[in-house]
Structures are given as C-alpha cells and as structure tokens.
Amino acid sequence: MIVEREVLLSALKLTRDGTSTTLEAISKDSRIPIQTVHEASQMLEREGLITMRGDDVGMTSEQRVAAAVKAVKMGADLERACAFLTWAEFEDISGLAFEANGFSLRRHLIFKWSGRRWEVDIVAYRGEIIVSVDCKHWRRNWRRSSIRRIVEAHVERTKALSEVLPTLGLNLNLKGRLTVVPVVLSLIQGPLKFYMDVPVVPILQLRDFIGEMVLHIGSMRHFTIESKVLYGDG
C-alpha cells in the first residue's frame with residue numbers, strides 16, 4: 001500500500017503541468033526501484049487511476065482527482081496530495097458532474113450586494129433549482145470548526161446571491177418559483193456531512209449527490225425566489 005501511495009503521489013507531481021511522465025521519472029522521484037514502480041503502476045492502471053502506454057504514464061484531470069483521494073485514503077498527508085492538484089482541475093470535475101446531470105453552469109460569478117463584493121465558485125442551474133457551490137479543493141485543517149466557518153460564510157454568500165439574482169440580468173431563462181441551494185464541495189469526506197442543513201460533499205460522491213438532491217431539497221438549507229419571469233428575455 002505504501003508503494004502504491006508513493007507512486008500515485010509522484011505521478012500526480014510529475015503530470016501536474018498536463019503532460020505525461022515515465023516510469024523511470026516516477027522511480028527517481030519516489031526513490032522506488034523501477035521494477036516495483038512498474039508493478040504498482042500496472043495495478044493502479046487496472047483501478048483506472050493512471051493510463052500507461054509502454055513506459056509512459058498519463059493522467060486525465062478526473063484520474064488526478066481520483067488519485068489524490070486514493071492517496072489520502074492510503075495515508076498520504078492531505079495537504080501534500082492536494083498540492084499537486086490545480087484549482088482548475090477540481091473545478092472542472094465539479095462542473096462535469098453537474099453537466100452530466102443536465103445542469104448549466106456559470107463559473108466565478110462575481111456580484112455586489114449590500115455594499116460588499118461576493119464571488120460564487122460555481123452556479124449550476126436546471127429547471128427551478130439553482131445550486132450555489134463553494135469549492136474547497138484542499139484543507140490544511142479539515143476539522144469541525146473549519147467546516148462550520150466555511151458553511152456559515154457560504155450560507156451568507158448564497159443568501160446574498162438569492163437576493164441579487166433578479167437584478168443581475170444573467171439571462172439564464174429561469175422562471176417562476178426558484179430554489180437556491182448552498183453546497184460545499186470538498187476533496188474528501190470531513191467530520192461533518194451536514195452543518196446548518198448544508199451538505200458538505202466529497203468530490204467523488206458529487207454525481208450521486210446531484211442525482212438524489214431533488215428528493216431531499218425540502219430538508220436542506222435553501223432560499224426561495226418568487227418571480228413571474230427571471231433572467232430571461234421576457
């Protein structure tokens with residue numbers, strides 16, 4: 001398990017610029033004999049975490065996120081594993097999960113409300129549902145107190161979003177009674193799955209969460225917008 005973990009971490013480190021690496025490079029970086037690296041890499045490929053072409057090793061963004069999660073589960077330091085992921089990768093995987101469930105997206109939505117500047121990482125919308133997503137692609141201290149602060153801030157941010165949306169002119173073509181739901185997204189499961197009725201969702205569970213979300217929105221923290229026509233051309 002230690003060998004596979006270190007191979008994963010080296011592969012993450014050496015492919016973070018979007019290029020492939022080699023078994024030899026992984027061996028040098030991890031200080032593990034190349035034959036052992038080869039055997040571990042074959043196993044990791046069977047798990048879908050890397051792609052091998054001869055001695056070359058490649059990783060898609062989705063594989064890299066999954067590999068970081070796997071490394072942490074195998075005992076890697078959370079900060080170390082996440083240092084090799086880019087913010088864009090984490091956000092892209094999040095967006096793909098929503099798009100796979102029929103949502104449209106707005107990324108990095110910046111707005112002003114009540115004399116303050118706000119930013120929401122991802123606004124996903126489908127039908128009468130708008131999801132306000134705060135992406136936390138790593139946390140040095142992913143403890144209860146940290147999660148509480150993050151959730152409290154995101155609830156405030158989402159409330160501001162729900163109040164300002166009708167005036168933003170985003171042309172989202174949404175009408176009627178809309179429900180705005182705050183969600184905090186993390187790399188791994190923390191000590192709290194919910195706080196203030198706001199879900200804290202691990203990235204690899206996001207697709208399943210989205211698929212079931214509609215059934216549970218009534219019990220989740222949400223804000224309602226009442227309007228005959230919102231964000232459309234009329």
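Residues numbered from 1 in each chain as written. Predicted model: local features only at pLDDT ≥ 70, side-chain atom pairs only at ≥ 80, totals over all residues. Heavy atoms only, no water.

## Observations concerning the layout of surface pockets
Test applied: Cavity: a set of points on a 1 Å grid over the protein atoms alone where a 1.4 Å probe fits but cannot get out. Pocket: an open set with protein on both sides within 12 Å along at least five of seven lines, its lining residues, like those of a cavity, having an atom within 4 Å of a point. Grid points are joined across faces, edges and corners, and a volume is the space filled by probe spheres set on the points. For the purposes of this entry, the term helix denotes a DSSP run of H or I that reaches at least four residues, the term strand denotes a run of E that reaches at least two, and both are numbered from the N terminus. Charged means Asp, Glu, Lys or Arg here, nonpolar means Ala, Val, Leu, Ile, Met, Phe, Trp, Tyr, Cys or Pro, and polar covers whatever is left, Gly included.
Roughly 310 Å³ of internal volume is contained in the largest pocket. Contributing to the lining of the largest pocket are 14 residues, with Phe 194, Pro 199, Val 201, Gln 205 and Phe 209 lying nearest its centre. Listed by contribution, the elements that provide at least two residues to the lining of the largest pocket are β9 (198–202) and α8 (206–216). Broken down by element, the lining of the largest pocket gets its largest block of residues, five residues, from α8. Counted by class, the lining of the largest pocket contains eight nonpolar, three polar and three charged residues.

## Here's the deal with helix α1 (residues 2–14)
For clarity, the threshold we go by: One less than the number of residues in a helix, times 1.5 Å, gives the span that helix is expected to have. The buried label applies to any residue whose accessible area, calculated with a 1.4 Å probe on protein chains only, is under 20% of its type's maximum; exposed applies above 50%, and partly exposed to all values in between. When checking whether two residues touch, look at their non-hydrogen atoms; a contact exists if any pair is within 4.5 Å.
Under the 1.5 Å per step criterion, the end-to-end length of α1 is 18 Å for 13 residues, consistent within 8% with the ideal 18 Å. Listing the buried residues of α1 in full gives Glu 4, Arg 5, Glu 6, Val 7, Leu 8, Leu 9, Ser 10, Ala 11 and Leu 12. Against the buried residues of α1 lie α2 (23–30), α3 (34–46), α4 (61–73) and α5 (78–83).

## Let's talk about the pairing of strand β7 (residues 178–186)
The two faces of the sheet receive side chains in turn, since in a regular strand these alternate between them. Quick reminder of the rule: DSSP calls a pair of strands paired once it identifies at least 2 bridges connecting them.
Among the nine residues of β7, nine are classified as buried, and the element is accordingly described as predominantly covered. Note that strand β6 (residues 129–136) and β7 share eight bridges and pair parallel. Within β7, the position partnered with Asp 134 by the bridge is Val 184. Relative to β9, β7 is paired through three bridges, and the arrangement is parallel. Note on β9: the bridge partner recorded for Ser 186 is Pro 202.

## Points about the packing of aromatic side chains
Rules: Stacked, tilted and edge-to-face pairs are distinguished by plane angle, under 30 degrees for stacked and over 60 for edge-to-face with tilted covering the rest, among Phe, Tyr and Trp rings (Trp via its six-membered ring) whose centres lie within 6.5 Å. The criterion is that NZ of a Lys, or CZ of an Arg, lies within 6 Å of the ring centre and within 35 degrees of the ring normal, and then a charge sits over that ring.
On inspection of all chains with the given rule, the structure shows two aromatic pairs. An angle of 80 degrees between the planes, with centres 5.5 Å apart, marks the rings of Phe 98 and Phe 103 as edge-to-face. Aromatic pair Phe 111 and Trp 118: ring centres 6.4 Å apart, planes at 10 degrees, arrangement stacked. There is no split in this pair, since Phe 111 and Trp 118 are both buried. Stacked on the ring of Trp 118, the Lys or Arg Arg 116 has its end atom at 4.0 Å from the ring centre.

## Comments concerning the sheet that holds strand β1 (residues 21–22)
Read across the open sheet, the three strands follow the order β1-β3-β2; overall the sheet is antiparallel. At either margin of the open sheet sits one strand with a lone partner, and together these are β1 and β2 (51–53). Sheet topology note: the β1/strand β3 (residues 56–58) ladder contains two bridges and is antiparallel. In the strand pairing of β3, Thr 22 is matched with Asp 56.

## Side note on α8
To be explicit about the condition: Arc definition: directions from the helix axis to the C-beta atoms.
Among the residues of α8, Leu 206, Phe 209, Ile 210 and Met 213 are the ones counted as buried. Looking straight down α8, one finds its buried side chains confined to an arc of 100 degrees; they lie on one side. Opposite the packed face of α8, turned more than 90 degrees from it, sit the exposed residues Asp 208 and Leu 215. In this structure, the buried side of α8 is in contact with α6 (87–100), β6, β7 and β9.

Purely geometric stuff here, so don't read any function into it on its own.
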